[in-house]
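Chain and residue survey
Below, each chain spelled out in residue letters.
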Amino acid sequence: MTALGYTQAAAPTRQVAGLSVSAWRRIGLGAALALALIVPFWASSYHTFQFTLVVVYAIALMGLNLLTGYNGQISLGHGAFYAIGAYVTAVLVQKAGVPYWATVPVAGLVCLGAGFLFGLPALRLEGLYLALATFALALVTPQILKFKNFATWTGGVQGILMDKPDAPWGLPLDSDQWLYFFCLALALPLFWAARNLVASRTGRAMVAIRDHPVAAATMGVSTALTKSLTFGVSAFYTGIAGSLGGIVVGFVAPDSFSILLSLSFLVGVVVGGLASIWGALFGALFVVFVPNYADQISDLLGERAKALPWAIYGVLLIAFMYLMPTGVVGMLRTAAARLVEGAGRGRSLGKPGA
Amino acid sequence: MTALLHQIFSGLASGGIYASVALALVLIYQATHLVNFAQGEMAMFATYIAWALVQAGLPYWPAFLLTLAIAFAGGVVIERVIIRPFDKAPVLASVCVFIGLLSIFNSLAGFIFTYTIKSFPSPFAEKAWYGTRFMSPHEVGEIAVTLAMLVLVYAFFRFTPLGLAMRAAAQNPVSSRLVGIRVGWMLALGWGLAAAAGAVAGMMAAPIVYLEPNMMGGILLYGFAGALLGGIDNPWGAVLGGFIVGVLENLAGGYVVGPDLKLTAALIIIVGVLVVRPSGLFGYRIVTRV
Amino acid sequence: MISRRRLLQTTAASAAALATRSLRAWAANAPGVTDKEIKIGQTMPYSGPASSYGAIGKAELAYFKKVNDEGGISGRMINLLSLDDGYSPPKTVEQIRRLVEQDGVAFIFQSLGTPSNSAIQKYLNDRKVPQLFVATGATKWNDPKRFPWTMGWQPNYQTEAHIYAKYLLADKPDAKIGILYQNDDYGKDYVIGLKDGLGDKAKTMIVKEESYETSDPTIDSQIVSLQSSGADTFLNATTPKFAAQAIRKSYDIGWKSLHFLNNVSISVGSVLTPAGLEKSAGVITADYRKDPTDPRWKDDAGYKQWLEFMKKYMPDADLADNDHPYGMMAAMTLVQVLKQCGNDLSRENIMKEAANLHDLEMPMLLPGIKINTSADNFAPIKQMQLQRFNGKTWELFGGVLSG
């Protein structure tokens, strides 16, 4: 484990039940994909809507994970990029009549620029100080969005309402199902790209900067450029998520993007598993569904306990961290490694004199 | 001119509150090298305990001292029971635990005490001689209390063997163990002291801002900013940072950008300063070895 | 690689799902209603920056419990599902969709918050689900032509500000006005209402506007700015905590002004007492409710009815919180609507009867103020009365006004 405690993926070559680990991985991926494709036909509109939010948050968490998990820069302010993405879409759709799907890449690019520009001065800040700077960003964004001089564009405190798009080309899907597939269709290439980025030279540079910044610099990694670019790419992902989130919910207002959103993102990334691609999905599931479960648990305690769900959420969060300090993916990796070890040991014991 | 003076004094008064919270953050940081995001909510909860004691009939000062003791004990228990298991876990896991604690305290306070605002008594008389038109007696008093706490904290860390042991345990746990320091108990002690300092901050703030579950959110933010502005590892710097943030916030709102962008202006200035001096105005620069 | 088996399974599953979907269509004319129960839903900010308003939801739950204890509405129990949205619009959308699509409620009652309700207004109107008695004072809920399924309840903030403007134009036309407002919908509505009410004179009369965020610890700096601007009249559009701070700070720095306090923050027990009763003397407000902590209502029949309700159904609640009478009266308004519906509890009829209230009186409304709705008037309460605080209680003056 490194200084900040990230686990590295084990790379076992042994086999479990006749298949290699990478084969198992592919089966898991296929099953998850198939499941993802069936969801909107099997679940109600409301649940489809919730799963769409899971996909959207997973994209946002992927962005934050690139920055915090792989590159070690703590951000408490990614809610700001989410907000910027959402507003770019809302303004373009309502004020300039741009079709909703065309605004998504624009939102991403705007945030790419914003993230890069923010990343430049942030280069000088480390750890806590960077956390404060990003925290400040998250707090400042709603206030700027409310600013009366911008109100003709941003709708001020009233926010901007958008129409929910219908399925195009006469597809036999209702609006919720269409939006689910739309978001999924964007999420899959984004995840694939992130995976490739992480496995590339740049990805290794990012991780090197996280673990041993001085050594990385001496080895010729351009620390400043890599860190700023990572900020930019991370903001790009979160901005796209914000844009999609705005389309799915149909309404943007400064109140939607409080500091709680940024904190939820951080919690999601840690619970899902830092420095992992799948962690984003598990984190998103946590962020969307656990507050609702806390609600249900609190209901059992009676009506006086109306505000208590958040206390229960806090308890659940601490329990989660206690059981899985390296996140869901960390725990799965450890479990997988043990399985493989066990299988391997069993094998060699069964072969006397090998 | 009087308006400007007025804003400055008003800023010093709120700065005093931010400074006392900054001090609690420094305490926790010196002891554990972590910033406890739940500090504000713990302080608020301790203040509610004090309020309940006063409602039950206890006079102010006994309630104050009893609350400090309870807060101290509470801090120690939280460290030992909840934080200790995350010793070896990644830093961000601890941050999530802090967020969890924050939710728990905030929600519990709302559940037990409801959300209507409550008055909290001040030990400083309403019409005392040291109050002026610019600053009420309580505001003067709380600045004095903050400065007294600062001196105590500084003296503790600098001049007492226990303080030295705590700083050593935070900076280099391995070597500290080798020289016989009980690192575990140092951490617990740090949490206890920080909780008590937070309780003082809460009890000084409540008469001004009124006691309610969301009372400390904004204060914690400015206290955090102040602590970092002054240097998180320097109690003098943190306190000064708190005062600067208070005055800056008022002047920015009053003269620079107007109230709509006050928070924005204040934060941009603070972050700007940090970019120029990354360890804060008076923090210690750490030079790393390869 | 998709096996044939998997393809068949998927097709079968999808077909079954599509079939059951149509079966799940609600009973034709009365969704959410059975012989035994009327199921309704709402979202309330039980957590987050507006969590003090959660008391409204609790009061409504308690009142419906009372109604159920007394036999319900023609034998049907009212089942209110009250969910937390943390004052965050995306969460509101999620919870409302759950209530409508999963829980199958008949209608949405008293959801709180302007941004929250803005987010769901179109959805509910498109689906023809009543959005009844919205719990905010924003002006936009009285628009039956464009949003026939949305209705407000309380007098809106702009109406209140108009009343203050009228008073000033008549009694103090040379006033120099300073405004302190919360930087959100609610605060800004007061500013708009005042400017609207003052008309052309707004530019010359309003000398300073100061705002604050709910995350600001104090508003002392803004009060200092207002004093130094030379204002001698003060419109205080703030929520309870900040209202108390404003009253106290103004007094402490010696700023004497004609102080208009918005009626969200006028509770004697939970705002004026912490601020200081002598410091609050002279403050003026326009309200439509009786303040439960005001000693003048001690022997009033309506007050006693409310007190009895609180003692029996909310014994641990803070009696000083004027969110409780608000919630109770909104619930009572709904009960009246449901009674008027008789046995036709379809959504259309509920909306029709909601727009059919005439001179309805409530125990905690000021004498003379009544609830009225019609097909082109979706603002049930429009009247208010001015009152001045004398250091002990609120003294009504002037008559009942409409903004």
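Note that this is a predicted model, so its numbers are computed, not measured.

Observations concerning the overall build of chain A
What chain A contains, in helices and strands, is 14 helices and four strands. Here chain A, with 354 residues, has 55% of them falling under the buried criterion. Expressed as a percentage of contacts within chain A between residues at least 6 apart in sequence, the contacts between residues at least 24 apart total 78%. Accessible surface, chain A as shown: approximately 15,000 Å² in total, 69% of it carbon and sulfur.

A few points about the overall build of chain C
Secondary structure summary: chain C contains 13 helices and eleven strands in total. Relative to the 2.2 N^0.38 estimate, which gives 22 Å for 403 residues, the radius of gyration of chain C is 23 Å and therefore close to what a compact globule would have. For chain C, the spread of C-alpha atoms along the principal axes amounts to about 80 × 55 × 40 Å. A total of 403 residues make up chain C; the buried ones form 64% of that total. For chain C, the share of sequence-separated contacts (at least 6 apart) that also reach a separation of at least 24 residues comes to 69%. Summed over all atoms, the accessible surface of chain C reaches about 14,800 Å², with 53% contributed by carbon and sulfur. Computed over 47 positive and 45 negative side-chain charges, the inter-centroid distance for chain C is 5 Å.

Details of the environment of F41(A)
Residue and element names in this part refer to chain A. Along the polypeptide, F41 turns up in helix 1 (residues 21-42). According to the relative accessible area criterion, F41 is partly exposed, its value standing at 28%. Through-space distance from the C-alpha of F41 to that of Q177 is 7.8 Å; in sequence the pair is 136 residues apart.

Considering the nonpolar core
Membership of the largest hydrophobic core comes to 212 residues, with the highest contact counts inside it found for Y57(A) and Y82(A). Among the elements that take part in this core, helix 8 (residues 183-209) of chain B stands out by supplying 17 residues, more than any other. Those residues in contact with Y82(A) that lie beyond four places of it in its chain are V56(A), Y57(A), A60(A), T238(A), A241(A), G242(A), G245(A), F257(A), L261(A) and F265(A).

With respect to the domain arrangement of chain A
Residues and elements named next belong to chain A. The domain architecture assigned to chain A consists of domain 1 (14-43) and domain 2 (46-285). For domain 1 and domain 2, the distance between their C-alpha centres works out to 27 Å. In this complex, domain 1 contributes nine residues to the contact, which on the side of domain 2 involves ten residues. Across the domain 1/domain 2 interface, buried area totals approximately 790 Å², and carbon plus sulfur atoms make up 81% of it. At the boundary of domain 1 and domain 2, one finds zero salt bridges. Linking domain 1 to domain 2 there are two residue pairs in polar contact (both at pLDDT 80 or more). Split by residue class, the side of domain 1 that touches domain 2 holds nine nonpolar, no polar and no charged.

Examining the pairing of strand 7 (residues 233-237) of chain C
Side chains on a regular strand alternate between the two faces of the sheet. Residues and elements named next belong to chain C. Among the five residues in strand 7, five count as buried, and that is most of the element. The alternating pattern of strand 7 places T233, L235 and A237 on one face and F234 and N236 on the opposite face, and all of these are buried. In this structure, strand 5 (residues 177-182) lies alongside strand 7, joined through five bridges in parallel fashion. Across the sheet, residue I179 finds its bridge partner in strand 7, namely L235. As paired elements, strand 7 and strand 8 (residues 258-261) share four bridges and run parallel to each other. Bridged to T233 within strand 8 is L258. With respect to chirality, the unit in which strand 7 leads through helix 9 (residues 240-252) into the neighbouring parallel strand 8 is right-handed.

Observations regarding the packing of helix 1 (residues 2-32) of chain B against helix 8 of chain B
Residue and element names in this part refer to chain B. One can describe the packing of helix 1 onto helix 8 by two numbers: an axis separation of 8 Å at closest approach and a directional angle of 175°. One element, helix 1, and the other, helix 8, form an angle in the roughly antiparallel class. Mapping the contact onto sequence places I17, S20, V21, A24, L27, I28, A31 and T32 in helix 1 and L187, G190, W191, L193, A194, A197, G198, A201, A205 and I208 in helix 8. Of the residues that constitute the contact of helix 1 with helix 8, the class distribution is 14 nonpolar, four polar and no charged.

Concerning the pairing of strand 5 of chain C
Residue and element names in this part refer to chain C. Burial analysis of strand 5 places six of its six residues in the buried class, the great majority of the element. Inspection of the sheet shows strand 5 paired to strand 6 (residues 206-212) by six bridges, in the parallel sense. Residue pairing in the sheet places L180 in a bridge with E210 of strand 6.

Some thoughts on the interface of chain B and chain C
How big an interface is tends to be expressed through the accessible area that disappears when the partners come together. Listed per partner, the contact involves 30 residues of chain B and 36 residues of chain C. Of the roughly 2,700 Å² buried at the junction of chain B and chain C (both faces included), carbon and sulfur atoms supply 47%. The interface formed by chain B and chain C holds two salt bridges in total. Its salt-bridge partner being K249(C), residue E139(B) comes within 3.9 Å of it at the nearest N-O pair. Inspection of the chain B/chain C interface yields eleven residue pairs in polar contact (both at pLDDT 80 or more). Where the side of chain B that touches chain C is concerned, the elements lending two or more residues are helix 1, helix 8, helix 9 (216-230), helix 10 (235-256) and helix 11 (262-276) of chain B. With five residues, helix 1 of chain B is the largest single contributor of residues to the side of chain B that touches chain C. Class assignment of the residues belonging to the side of chain B that touches chain C gives a composition of 14 nonpolar, nine polar and seven charged.

With respect to the packing of aromatic side chains
Applying the stated criterion across every chain yields a total of 49 aromatic pairs over all chains. Put simply, the rings of Y57(A), Y82(A), Y87(A), F257(A) and F265(A) touch in pairs and so form one group of aromatic residues. The positively charged end of R80(B) is found above the aromatic ring belonging to W185(B), 4.2 Å away from the centroid. Above the plane of the ring of W297(C) lies R296(C), whose end atom (NZ or CZ) is 4.6 Å from the centre.

Let's talk about the side chain of N234(B)
All names here are of chain B. With respect to the helices and strands, the residue N234 is situated in the loop between helix 9 and helix 10. Among the polar contacts listed, one links the side chain of N234 to the backbone oxygen of F282, at a separation of 3.0 Å. Ignoring anything within four residues of it in the chain, the contact list for N234 reads F282 and Y284.

Things to note about helix 6 (residues 161-171) of chain B
Residues and elements named next belong to chain B. Buried within helix 6 we find G163, A165, M166, A169 and A170. Seen from one end, helix 6 has its buried residues packed into an arc of 160°, which puts them on one side. Exposed residues pointing more than 90 degrees away from the buried face of helix 6 are listed as P161 and Q171. Contact partners of the buried residues in helix 6: helix 1, helix 5 (137-159), helix 7 (173-178) and helix 8.

Section: the pattern of salt bridges
Under the counting rule described, the total for this entry stands at 25 salt bridges over all chains. The partner of K279(C) in a salt bridge is D252(C), with the nearest N and O atoms 3.2 Å apart. On the criterion of sequence distance, the pair formed by K279(C) in the loop between helix 10 (268-275) and strand 9 (284-287) and D252(C) in helix 9 is long-range, its members being 27 residues apart. On the basis of relative accessible area, K279(C) is assigned to the buried category, the value being 12%. Judged by relative accessible area, D252(C) falls into the partly exposed class, the value being 28%. A cluster of three or more residues bridged by salt bridges with shared partners is formed by K164(A), D176(A), R97(C), E101(C) and R127(C).

A closer look at the interface of chain A and chain B
Each partner contributes residues to the interface: chain A has 43 residues there, and chain B has 47 residues. Of the roughly 3,900 Å² buried where chain A meets chain B, counting both sides, 81% is carbon and sulfur surface. Looking only at chain A, the three residues that lose the most surface to chain B are L128(A), Y129(A) and L132(A), adding up to 18% of its buried area. Our count for the chain A to chain B interface comes out at zero salt bridges. Those elements giving two or more residues to the side of chain A that touches chain B turn out to be helix 5 (127-146), helix 11 (259-272) and helix 13 (309-323) of chain A. When grouped by side-chain class, the residues that make up the side of chain A that touches chain B number 35 nonpolar, five polar and three charged.

Quick word on the environment of P217(C)
Mapping P217(C) onto the fold places it in the loop between strand 6 and helix 8 (220-228). Once residues within four sequence positions are removed from consideration, P217(C) is found in contact with Y18(B), V209(B), G218(B), I219(B), Y222(B), K241(C), F242(C) and Q245(C).

A word on empty space enclosed by the protein
Residues and elements named next belong to chain C. A full pass over the atoms with the stated rule returns six cavities of 30 Å³ or more. Computed from the structure, the second largest cavity encloses a volume of approximately 90 Å³. Looking at the second largest cavity, it is lined by 14 residues, and the ones nearest its centre are A138, G152, Q154, N156 and A379. In terms of residue class, the lining of the second largest cavity is built from seven nonpolar, six polar and one charged.

Some details on a nonpolar patch on the surface
On the surface, L19(A), W24(A) and I27(A) cluster together into a nonpolar patch covering about 270 Å² of accessible area. Secondary-structure assignment places I27(A) in helix 1.

Quick look at the confidence of the model for chain A
Model confidence for chain A is summarised by a mean pLDDT of 85, while 90% of its residues fall at 70 or above. Strand 1 (residues 15-16) of chain A is the least confidently modelled element of chain A, averaging 64 in pLDDT, while helix 2 (residues 45-70) of chain A averages 94, the highest of any element.

Conventions we followed
- Throughout this description, residue numbers start from 1 for each chain and increase along the sequence as written.
- Chain letters start at A and ligand numbers start at 1, both assigned in the order the entries are written.
- Only residues with pLDDT of at least 70 get local features here, since the model is predicted, and only at 80 or more are side-chain atom pairs given and counted; chain-wide, interface and lining totals rely on the full set of residues.
- The side-chain values count all of the structure's non-hydrogen atoms but skip hydrogen atoms and water molecules.
- Secondary structure elements are defined from DSSP: runs of H or I of at least 4 residues count as helices, runs of E of at least 2 residues count as strands, and each element is numbered from the N terminus.
- Residue burial is assigned from relative accessible area. The probe radius is 1.4 Å, only protein chains are included, and a residue is buried under 20% of its type maximum, exposed over 50%, and partly exposed in between.
- Pairs of residues are marked as contacts when any of their non-hydrogen atoms sit within 4.5 Å.
- Computed with the Shrake-Rupley method and a 1.4 Å probe, the accessible areas treat only the protein chains shown as cover for residues.
- We compute the radius of gyration over the C-alpha atoms and compare it with the globule rule, which gives 2.2 Å times the number of residues raised to the power 0.38.
- Counting rule applied: Lys, Arg positive; Asp, Glu negative; His and chain ends not counted.
- By convention, the point assigned to a charge is CZ for Arg, NZ for Lys, CD for Glu and CG for Asp.
- Definition used in this section: a nonpolar core is a set of buried Ala, Val, Leu, Ile, Met, Phe, Trp, Tyr and Cys residues joined via side-chain atoms within 4.5 Å.
- A domain assignment, automatic or from a database, supplies the domain bounds used here.
- Accessible-area loss on putting two parts together, using a 1.4 Å probe and summing over both, is the definition of buried area adopted here.
- Note on definitions: salt bridges are taken to be side-chain nitrogens of Lys or Arg within 4 Å of carboxyl oxygens of Asp or Glu.
- As used in this structure description, the phrase polar contact means that two N or O atoms lie within 3.5 Å; if the pair is within protein, one of them must be able to donate a hydrogen and the other to accept it, and residues adjacent in sequence are counted only when both atoms belong to side chains.
- When residues are grouped by polarity, Ala, Val, Leu, Ile, Met, Phe, Trp, Tyr, Cys and Pro land in nonpolar, Asp, Glu, Lys and Arg in charged, and all others, Gly among them, in polar.
- For two strands to be treated as a pair, DSSP must find at least two bridges joining them.
- Place the viewer so that the strands point away; then a crossover is right-handed whenever the path from the first strand over the helix to the second strand goes clockwise.
- Axis lines are fitted to C-alpha atoms, over the contacting stretch for helices. Their N-to-C directions set the angle, which ranges from 0 to 180 degrees.
- Any angle from 65 to 115 degrees is called roughly perpendicular, while one under 35 is roughly parallel, one over 145 is roughly antiparallel, and all others are oblique.
- Here a Phe, Tyr or Trp ring, Trp counted by its six-membered ring, pairs with any other such ring whose centre lies within 6.5 Å, and the pair is stacked when the planes are under 30 degrees apart, edge-to-face when over 60, and tilted otherwise.
- Two thresholds decide whether a charge sits over a ring: the Lys NZ or Arg CZ must be within 6 Å of the ring centre and within 35 degrees of the ring normal.
- Regarding the arc, it is the one traced by the directions from the helix axis to the C-beta atoms.
- Using a grid of 1 Å spacing that covers the protein atoms alone, one calls a set of points a cavity when a 1.4 Å probe fits there but cannot get out, and a pocket when the set is open and has protein on both sides within 12 Å along at least five of seven lines; lining residues are those with an atom within 4 Å of a point.
- Grid points are joined across faces, edges and corners, and a volume is the space filled by probe spheres set on the points.
- Residues forming no salt bridge and having over 30% relative accessible area are the ones grouped into patches, like charges within 9 Å of each other and nonpolar side chains (Val, Leu, Ile, Met, Phe, Trp, Tyr) within 5 Å.
- Summary of the metric used: pLDDT quantifies the predictor's per-residue confidence within the range 0 to 100.

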